[in-house]
Amino acid sequence: DTAVSQTPKYLVTQMGNDKSIKCEQNLGHDTMYWYKQDSKKFLKIMFSYNNKELIINETVPNRFSPKSPDKAHLNLHINSLELGDSAVYFCASSQGQGGTEAFFGQGTRLTVV
Amino acid sequence: AQTVTQSQPEMSVQEAETVTLSCTYDTSESDYYLFWYKQPPSRQMILVIRQEAYKQQNATENRFSVNFQKAAKSFSLKISDSQLGDAAMYFCAYRGYRDDKIIFGKGTRLHILP
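The rules behind these values
- Residues numbered from 1 in each chain as written.
- Chains lettered and ligands numbered in written order.
- Predicted model: local features only at pLDDT ≥ 70, side-chain atom pairs only at ≥ 80, totals over all residues.
- Heavy atoms only, no water.
- Core = buried A, V, L, I, M, F, W, Y, C linked by side-chain atoms within 4.5 Å.
- Buried < 20%, exposed > 50% of the residue type's maximum accessible area, 1.4 Å probe, protein only.
- Helix = DSSP H or I, 4+ residues; strand = E, 2+ residues; numbered from the N terminus.
- Contact = heavy atoms within 4.5 Å.
- Pairing = 2+ DSSP bridges.
- Axes fitted to C-alpha atoms, helices over the stretch in contact; angles between N-to-C directions.
- Buried area = accessible area lost by both parts, 1.4 Å probe.
- Salt bridge = Lys/Arg side-chain N within 4 Å of Asp/Glu carboxyl O.
- Polar contact = N/O pair within 3.5 Å; in protein donor to acceptor, adjacent residues only side chain to side chain.
- 1 Å grid on protein atoms, 1.4 Å probe; cavity = no way out; pocket = protein on both sides within 12 Å on 5 of 7 lines; lining within 4 Å.
- Points joined across faces, edges and corners; volume = space filled by probe spheres on them.
- Nonpolar A, V, L, I, M, F, W, Y, C, P; charged D, E, K, R; others polar.
- Phe/Tyr/Trp six-rings, centres within 6.5 Å; stacked < 30°, edge-to-face > 60°.
- Lys NZ or Arg CZ within 6 Å of the ring centre and 35° of its normal.
- Disulfide = S-S within 2.5 Å.

S.K.: Tell me about the nonpolar core, and please be specific about residues and values.
M.R.: Ranked by internal contacts, the top residues of the largest apolar core, which has 27 residues, are Leu-21, Tyr-25, Trp-36, Phe-75, Leu-77, Tyr-90 and Leu-110 of chain B. When residues of this core are traced back to their parent elements, those giving at least two are β2 (10-14), β3 (19-21), β5 (32-39), β6 (46-52), β8 (64-69), β9 (74-79), β10 (88-96) and β12 (108-113) of chain B. No other element matches β10 of chain B, which puts four residues into this core. Here Leu-110 of chain B is in contact with Met-11, Val-13, Val-19, Leu-21, Ile-79, Asp-86, Ala-87, Ala-88 and Tyr-90 of chain B, once residues within four sequence places are set aside. By size, the runner-up hydrophobic cluster in this structure holds 20 residues, among which are Trp-34, Met-46, Ala-87 and Cys-91 of chain A.

S.K.: Now, about the sheet that holds strand β7 (residues 64-70) of chain A: what can you tell me, with residues and values included?
M.R.: Residues and elements named next belong to chain A. The strand order across the open sheet formed by four strands is β1-β3-β8-β7, and the pairing between neighbours is antiparallel. Strand pairing shows two members of the sheet lacking a second neighbour, β1 (4-7) and β7, which therefore form its edges. Shown here is a sheet whose adjacent strand axes are inclined to one another by a mean of 15°, direction ignored. As paired elements, strand β3 (residues 19-25) and strand β8 (residues 73-78) share four bridges and run antiparallel to each other. When the bridges of β8 are listed, Glu-24 appears paired with His-73.

S.K.: Tell me about the pairing of β8 of chain A, and name the residues and values.
M.R.: Residues and elements named next belong to chain A. Every second residue of β8 is oriented toward a common face, the buried set being Leu-74, Leu-76 and Ile-78 and the non-buried set His-73, Asn-75 and His-77. For β7 and β8, the ladder comprises five bridges, and the chain directions are antiparallel. What sits directly across from Asp-70, in β8, is His-73.

S.K.: Outline the interface of chain B and chain A, listing residues and values.
M.R.: Contacts between the two partners involve 21 residues from chain B, matched on the other side by 32 residues from chain A. Around 2100 Å² of area is buried between chain B and chain A when both sides are counted, 51% of it from carbon and sulfur atoms. Of all residues in chain B, Arg-43, Arg-95 and Asp-100 of chain B bury the most surface against chain A, accounting for 34% of the area lost on that side. The tally of links from chain B across to chain A stands at two salt bridges. In this assembly, chain B and chain A are joined by twelve residue pairs in polar contact (both at pLDDT 80 or more).

S.K.: Could you give an account of empty space enclosed by the protein, with specific residues and numbers?
M.R.: Residue and element names in this part refer to chain A. Evaluated as defined, the whole model comprises one cavity of 30 Å³ or more. Of all the secondary structure elements, the ones that give two or more residues to the lining of the largest cavity are β4 (31-37), β5 (43-50), β7 and β8. Partitioning the lining of the largest cavity into residue classes produces three nonpolar, five polar and four charged.

S.K.: Can you lay out the packing of aromatic side chains for me, pointing to particular residues and giving the numbers?
M.R.: Evaluation of the coordinates by the stated rule reveals 17 aromatic pairs over all chains. Between Tyr-35 of chain A and Phe-104 of chain A, the ring centres sit 5.8 Å apart and the planes meet at 50°, which makes this aromatic pair tilted. Placement of the pair is Tyr-35 of chain A in strand β4 and Phe-104 of chain A in strand β10 (residues 103-104), with a sequence separation of 69 residues. Taken together through their ring pairs, the aromatic side chains of Tyr-33, Tyr-35, Phe-90 and Phe-104 of chain A together with Tyr-33, Phe-35, Tyr-37, Phe-91, Tyr-97 and Phe-104 of chain B make up a single cluster. One residue, Arg-43 of chain B, lies across the ring of Tyr-10 of chain A, its end atom 5.0 Å from the ring centre.

S.K.: I'd like a description of the state of the cysteines, backed by residues and values.
M.R.: Per the stated rule, a full pass over the model turns up two disulfides over all chains. Each sulfur of the disulfide joining Cys-23 of chain A and Cys-91 of chain A lies 1.8 Å from the other. Here Cys-23 of chain A and Cys-91 of chain A share a disulfide; its torsion about the S-S bond, -75°, makes the bridge left-handed. With Cys-23 of chain A in strand β3 and Cys-91 of chain A in strand β9 (residues 87-94), the pair connects residues that are 68 residues apart, well separated along the chain. The disulfide partner of Cys-23 of chain B is Cys-92 of chain B, and the gap between their sulfur atoms is 2.0 Å. The sign of the -70° torsion about the S-S bond sets the Cys-23 of chain B-Cys-92 of chain B disulfide as left-handed. In this pair, Cys-23 of chain B is assigned in the loop between β3 and β4 (24-26) and Cys-92 of chain B in strand β10, connecting sequence segments 69 residues apart. Of the residues examined, Cys-92 of chain B reaches a relative accessible area of 0% and is grouped as buried.

Here it is as structure tokens:
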């Protein structure tokens, strides 16, 4: 049973396109995240949702729009893709305040050409 | 704002030897968690070890142990009897007790020499 699953694992697309990455967790956690890992392997938080509500938005361009239909799902939609959006995007989940570690999905490698 | 610093971008160790990865952090909080995550070439993020700041005892998980120095804000990872499968990026991470996010250091790439 996969705890945090995200799809697709790989995504290659042209500049200007719109794409979505889906994420689901079956751990019963109330907090979900999107992290971006750049080419230098630096992991930076993009968004945090708690019980479907946006808690953290770390100055991400508004071309990125997360959506949480329920607390087990957090999807990421990206409009007008740019070359600089190429990265690995990780979904993760944890318990909220007082919770400990985050559990990560396997990542989505997005390549914009 | 909290920060996590890993000063060693890369390290190498001979198989079966012991290696220590360094991490320092900055926070004004007194309650928090610290973690080491491993990212092998498969890119999956794997939790290696967790330390609660209120616990004085250093966490241990099999061949992995930490040296947690709260006053010095230092949290190093020791890997004993290094194995080829330990080769990976290792990330030190911090989470405040009331925080909704985990902050990561820039990582240390560990090479295991056969």
